[in-house]
Amino acid sequence: MAADAVATLNRTGSPGRNTERVREILGWYESDNPGTKTNIARLLNHGYLAGTGKLVILPVDQGFEHGPARSFAVNAAAYDPNYHFEIALQAGCNAYAAPLGFIEAAAARHAGEVPLILKLNNHDVLHDEKDPISAVTGSVKDALRLGCVAIGFTIYPGSANAKAMYEQLRGLAEEAKANGLAVVVWSYPRGSSLSKEGETAIDVVAYAAHIAAQLGAHVVKVKLPSDHIEQVEAQKAYAKSAVPIGTLAERVRHVVQSTFDGRRIVIFSGGAKKDRDEDVFDEARAIRDGGGFGSIIGRNSFQRPREHAVKFLQTMMKIYAGEVK
Amino acid sequence: MAADAVATLNRTGSPGRNTERVREILGWYESDNPGTKTNIARLLNHGYLAGTGKLVILPVDQGFEHGPARSFAVNAAAYDPNYHFEIALQAGCNAYAAPLGFIEAAAARHAGEVPLILKLNNHDVLHDEKDPISAVTGSVKDALRLGCVAIGFTIYPGSANAKAMYEQLRGLAEEAKANGLAVVVWSYPRGSSLSKEGETAIDVVAYAAHIAAQLGAHVVKVKLPSDHIEQVEAQKAYAKSAVPIGTLAERVRHVVQSTFDGRRIVIFSGGAKKDRDEDVFDEARAIRDGGGFGSIIGRNSFQRPREHAVKFLQTMMKIYAGEVK
Amino acid sequence: MAADAVATLNRTGSPGRNTERVREILGWYESDNPGTKTNIARLLNHGYLAGTGKLVILPVDQGFEHGPARSFAVNAAAYDPNYHFEIALQAGCNAYAAPLGFIEAAAARHAGEVPLILKLNNHDVLHDEKDPISAVTGSVKDALRLGCVAIGFTIYPGSANAKAMYEQLRGLAEEAKANGLAVVVWSYPRGSSLSKEGETAIDVVAYAAHIAAQLGAHVVKVKLPSDHIEQVEAQKAYAKSAVPIGTLAERVRHVVQSTFDGRRIVIFSGGAKKDRDEDVFDEARAIRDGGGFGSIIGRNSFQRPREHAVKFLQTMMKIYAGEVK
Amino acid sequence: MAADAVATLNRTGSPGRNTERVREILGWYESDNPGTKTNIARLLNHGYLAGTGKLVILPVDQGFEHGPARSFAVNAAAYDPNYHFEIALQAGCNAYAAPLGFIEAAAARHAGEVPLILKLNNHDVLHDEKDPISAVTGSVKDALRLGCVAIGFTIYPGSANAKAMYEQLRGLAEEAKANGLAVVVWSYPRGSSLSKEGETAIDVVAYAAHIAAQLGAHVVKVKLPSDHIEQVEAQKAYAKSAVPIGTLAERVRHVVQSTFDGRRIVIFSGGAKKDRDEDVFDEARAIRDGGGFGSIIGRNSFQRPREHAVKFLQTMMKIYAGEVK
Amino acid sequence: MAADAVATLNRTGSPGRNTERVREILGWYESDNPGTKTNIARLLNHGYLAGTGKLVILPVDQGFEHGPARSFAVNAAAYDPNYHFEIALQAGCNAYAAPLGFIEAAAARHAGEVPLILKLNNHDVLHDEKDPISAVTGSVKDALRLGCVAIGFTIYPGSANAKAMYEQLRGLAEEAKANGLAVVVWSYPRGSSLSKEGETAIDVVAYAAHIAAQLGAHVVKVKLPSDHIEQVEAQKAYAKSAVPIGTLAERVRHVVQSTFDGRRIVIFSGGAKKDRDEDVFDEARAIRDGGGFGSIIGRNSFQRPREHAVKFLQTMMKIYAGEVK
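All values reported here derive from a predicted model rather than from experimental measurement.

Student: Whenever I open this one, the overall build of chain A confuses me. Can you help?
Tutor: Looking only at helices and strands, chain A features 15 helices and ten strands. Taking 20 Å as the expected radius of gyration for a compact globule of 325 residues, we find that chain A reaches 19 Å, a close match to that expectation. Based on the C-alpha atoms only, the size of chain A along its principal axes is roughly 60 × 45 × 40 Å. Looking at chain A as a whole, 69% of its 325 residues are labelled buried. Taking the intrachain contacts of chain A between residues at least 6 apart in sequence as the baseline, contacts between residues at least 24 apart amount to 73%. Put simply, chain A shows about 10300 Å² of open surface, and 50% of that area lies on carbon and sulfur atoms. Charge separation in chain A, taken as the distance between the mean sites of 37 positive and 36 negative side-chain charges, equals 4 Å.

Here it is in structure tokens:
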């Protein structure tokens, strides 16, 4: 039975020792204090992918971002904040990320069971803007009192309001690091100066990942890039150097390269719910083969029945673990 | 005589013990400290509906919101701040909510007689805006020195200024919780990107309730929703999942579901004064039958003579208590 | 059944309204803000004696003061922090007072069920002193986060360290009052300049009660005084004015008079466990007849089996309520 | 190989889920926020005894307390701060506790590998006192930046300076809890009013454990008690109630009972290095059989060669796990 | 010419790049931020011994400690604060340490020329005590505004006031580290519980070095130890483990071992001015051969004419560099 799993599992050998790969990754964060390194290690050492250096994270901020019915009506069990902790646990995700309310509603009963990322800013679509900015809806103190390993923060490079978000992030990240927390940045290009296609253009996504890393993120989350190149000046550079961006794996590799030559953890989101699971799995294979660190999978997880979701997430993890081709 | 009621009533059995239902509700607030749980219990254990898990709250911020004559001329006794304490007490409401001035004017003489909610922000119509934002007119320290059980705060999802309000609420809620107070959020969709009809559309009201809960509200107050669906993307989601929203009770149920699957207290306002009391009672029946937690009734209470108001409120309570069909 | 008691009890009449006597008592605290008045009202309106202006409070700091075995071995159920909440609830005490650990251990599950007084300083006998001073073991912020109505604080007038305690109390009381809490002061004469007999001498006890009131206490707790007069100068004064101190009731009356002519709540402790209950009851009758406000009964309550304790406490209450002669 | 242990171990079932016993223990800390509950869970879920509710902790503050040669000369490898992390890891201890310098010296390279307790005060014997007080040598902020799960603090009940230590602990514990850390208190009776024999007398040890719990400790550490009763008043109480203290297991049971009737984690130290391991194992059996939660084993661990130490610690754990009689 | 000295002296090609030894030493400070590591590197990379991992530091706090005439009359040029900067520069010392006034008086004109250590506490002999405590005479902010690489702080283990000094150091070290400074601790056993001989006893010096390291010092400075063993309990430990302490080099080795097994920089002072330079050189040879990191040489430097001092210091450095036997 699951309830005894921890005790059983930890009764062998040397529990807790970091793998070589985890040590290597932690080595990239050499300016951070042991507290922050500890919390990055917790992210890397939890769940099915523990110790592999790969991550699958469950984020559930869609209720805030798109409204509850658009997020949860298709699988009504997901209205319950406990449901997502359960999915993350049962599937063996590395972490669960959500806004304040969802974390507060169920963190105590799941104390210590899954690493938590408190999303410190959030956006809703009741008021739409060309140049969006999220509201800051949580604090570093909230993250500490709720037992989180990291704060999460979204920036919209390309927005006329990007600078305000960068500056909010700066202050929150400084406070988080001083208190031993990790910093996860969602970097989503959006705004009046980008075309719709440009939001996932390879040059723009790579640029957004780089900005997040420059702002001090330990973990960077971006969308999977297309082979479109949005910026005219960038088009010249990509052409001149013949940067390989033909396949998704190549583009993932380029984004990872753009994020300090692979010395920051970069994970990718799948975006809107896909019709065919095989499409998501193919993306995971491309992320893996391109040297990406994993996926953050929201709607594709919680918008289906629980057992399907668990099976789906575990297939993802097996792809990253190399157990499924 | 009323003056001896407390002593008489409490002379039997085990005063104070929470009912099973109250314990269940308190269990949803597992991240909160005992102080906040105590003040939520005070809300639930006061008045006619004490212990039932249902609430009828008297709010009087209309003087600030609409001006005194529009609010009180029809029943001039209501200009007096004491009047509203008296109504709340005589009718047995769970709590009385008002801005700083009204609370300061009469809290001392009614010390301990009715749970108080200090409305920390308020809006007036002397300056009208398409995208409103309320002024912060009170503090958590005010709530403590005035003996309140909760702070109240209004957000206007859909306003271009919504984010500023979310951020004000974030800070005030963090401080309130640290000091053992509860947080009641009025979530009223308004603003330039919503149609008038959209302000009470079922998708928008459910969304507004969800946002309030994600911002950390213990009690969420929304308007009763219509069967209109405002957002195009939401229309698809409601249709696809065939969310039942045909009756008012069904819509209430959907809003409650959208607020952490019923794990937050959601109460509803009746809006503008109704011509027929029976219409308000029908709404209360729908709230009760849809699993809502109660009503917050302002103008329908204080814009009529005192004895009528008390009788009206008590009929409401009997509906929630199941004593009146 | 007890579990439904609140709902049943509050379904009649006008719950919450203060009695005339409670209003009169609250009127003495006219410099206090409504928050503090509210919390004094909560003390006066809870339990069997609600509304009568009389109080029976259960204090359990003896574990800290005398050690656990001396306190609880005789009734081992009392080792459990939940036990005391249960006794206070079942008997209908006005409040339960204890140090930080005991309150933290069970406050959440009993949220709102009984008014709590957090004892902010405590003393142990592992190191004995002629001129004792207690350690400050809790804060006003603790009291707020735990949902307490008051802070409790012990002073030892007569100790060479008394001034340090007065000054600690001053700061804590100022903070408590600003945050709407009440202040309960245990005033126990002790120290190298008092004889053992002098600790309960009528002149000394009256003096200690007066000092506590002058330090800003809302509720003063002293030991029952003997007819001994300790101070030579005082002996002259008592003789000259023929202050009646012959009976216990007269001495209680004098202590109450000494505490702002009865305009502060003064309660009395019974001290060590008595062999005969009737002796304790006689003391209660004397307190009642002398105009005292009630008793604070620790060891005589929790050092006997639960049902005996409840019956014992309820007899005390009936004496104060005038229902038992 | 050990380096892959985590990944291998966590690839099965539902990693992270708390056992029933861990949930039960966490339930005792109902006033704490989810952060503190999370860190208590981390203590309980690490190492060989993960999930059992039992703990074996490695403390290494003897270098500070007794000097380096007295602590480490017998096993010179132990001069190296890394050595102790290695022992804790290899043996599968629940946690490692040490002063600032030792933690700073090796926390980064072992990030996340073993739960850390930062000893915030320490004492040395270069200046000896009858009534000792430790120096505060670390801060809550240090604990956060170093990734610790708890602060550790020593009090000396019985010292003339005890009150100062209680008050230091009060402030540090309040700050630790607000930031989601756990509080471990070493409660060691010492001082001019206790005989040498009295320091481990059953009444004194039980009293010291009770005081630590009343001060808000989550985990209490005391020495194993003898059957001596130090305090005259206590002798009467033990005799009157016939408290069973004849065997070590009975005395452990009494100490556990004295710590909120077993609702706080109480662990025991073995004291000075024993000549025969079997004596230490017998003590562990008594702790286990008396309902104690485990051991904190310093000198008996690190004052012998590494492989012996690991084997010794693992035998201890097997006794607690019930795998060795 | 002096201006080229540094580059030449850096002994091996590539100015700026840390040597293997410096990298190894920096690796011991793994919990520190890059700012602190940078300032430790500056200490290690300056002067004649740059890159060797050895240090010779010039301290001039004797004016404060013993009065100006006792310190400077013998070489009146030394009254001038500029003089000491000049000596340090000309000789190629790793750093210059002094109280606030001396640093303020000449830091600007020598900006960047020699690493500075601001002594934050100082003691004078106008008032003498058995249990001394130094006055805090500078701040971390002073150290920053004056361009220092480290703060210096003296503790007197063995003093009845030692705890107060440890606690001052704790706070200052935390602040210094957060601001990227290094922490140098002078650990000088003194006080009423030590014999005069005990102040330099091998057990006491090793203990004092260990305490400084546990308090978080990056660099520890102690006096050279004698073969006396002061503490009775320590005598047993040294005998039992046959710790070799017969020669000065052996004793140095034991002190280095006691300071985290050599994982902290430990330097030694020569104490009072020696009559024969060869005695000082012999001590340096013993420090070098015992694995010590260098010397801190005050009176033996500035109490002789400038050119003699420079030659004297350079001989010391050549001994450490292995260029002089």
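Student: Is there a simple way to think about the packing of helix H13 (residues 277–289) of chain B against helix H15 (residues 306–321) of chain B in this case?
Tutor: In a pair of packed helices, the angle between the axes and the distance between the axes together describe the arrangement. Residues and elements named next belong to chain B. Between H13 and H15, the least distance of the axes is 9 Å, while the angle of their chain directions is 25°. One finds that H13 runs roughly parallel with respect to H15. Along this stretch, H13 crosses H15, giving a crossing that reads as right-handed. Where H13 abuts H15, its residues Asp277, Val280, Phe281, Ala284, Arg285, Ile287 and Arg288 lie against Phe312, Thr315, Met316, Ile319 and Tyr320.

Student: I would appreciate a short explanation of the side chain of Ser295 of chain B in the present structure.
Tutor: Residue and element names in this part refer to chain B. By the element assignment, Ser295 lies in strand E10 (residues 294–296). Under the relative-accessibility criterion, Ser295 is labelled buried at 2%. Polar contacts involving the side chain of Ser295 include one to the side chain of Tyr320, which spans 2.6 Å. Setting aside residues up to four positions removed in sequence, Ser295 forms contacts with Leu55, Val56, Ile57, Ile267, Phe268, Ile287, Met316 and Tyr320.

Student: What exactly am I supposed to notice about helix H12 (residues 248–258) of chain A here?
Tutor: Given 3.6 residues per helical turn, the α-helix brings residues three or four places apart onto the same face. All of the buried residues in H12 of chain A are Arg251, Val252, His254, Val255, Val256 and Ser258 of chain A. Contact partners of the buried residues in H12 of chain A: helix H10 (202–214), strand E8 (219–223), helix H11 (232–241), strand E9 (265–269) and helix H13 (277–289) of chain A.

Student: Looking at this structure, I do not really get the pairing of strand E7 (residues 182–187) of chain B. What am I missing?
Tutor: Two faces make up the sheet, and in a regular strand the side chains alternate between them. All names here are of chain B. A large share of E7 lies buried, amounting to six of its six residues. The alternating pattern of E7 places Ala182, Val184 and Trp186 on one face and Val183, Val185 and Ser187 on the opposite face, and all of these are buried. Both strand E6 (residues 150–155) and E7 contribute to a ladder of six bridges, which runs parallel. Residue Gly152 lies in a different strand from E7, and its bridge partner there is Val184. With helix H9 (residues 162–178) bridging E6 and the parallel E7, this β-α-β connection has right-handed handedness. In this sheet, strand E8 (residues 219–223) lies alongside E7 in parallel orientation, the contact comprising three bridges. When the sheet's bridge partners are listed, Trp186 is paired in E8 with Lys221.

Cut-offs applied
- Residues numbered from 1 in each chain as written.
- Chains lettered and ligands numbered in written order.
- Predicted model: local features only at pLDDT ≥ 70, side-chain atom pairs only at ≥ 80, totals over all residues.
- Heavy atoms only, no water.
- Helix = DSSP H or I, 4+ residues; strand = E, 2+ residues; numbered from the N terminus.
- Rg over C-alpha atoms; globule rule 2.2 N^0.38 Å.
- Buried < 20%, exposed > 50% of the residue type's maximum accessible area, 1.4 Å probe, protein only.
- Contact = heavy atoms within 4.5 Å.
- Areas by Shrake-Rupley, 256 points an atom, 1.4 Å probe, with all protein chains shown as cover.
- Lys, Arg positive; Asp, Glu negative; His and termini not counted.
- Charge placed at Lys NZ, Arg CZ, Asp CG, Glu CD.
- Axes fitted to C-alpha atoms, helices over the stretch in contact; angles between N-to-C directions.
- Parallel < 35°, antiparallel > 145°, perpendicular 65-115°, else oblique.
- Left-handed = near helix turned anticlockwise from the far one by under 90°.
- Polar contact = N/O pair within 3.5 Å; in protein donor to acceptor, adjacent residues only side chain to side chain.
- Pairing = 2+ DSSP bridges.
- Right-handed = clockwise from strand over helix to strand, strands pointing away.

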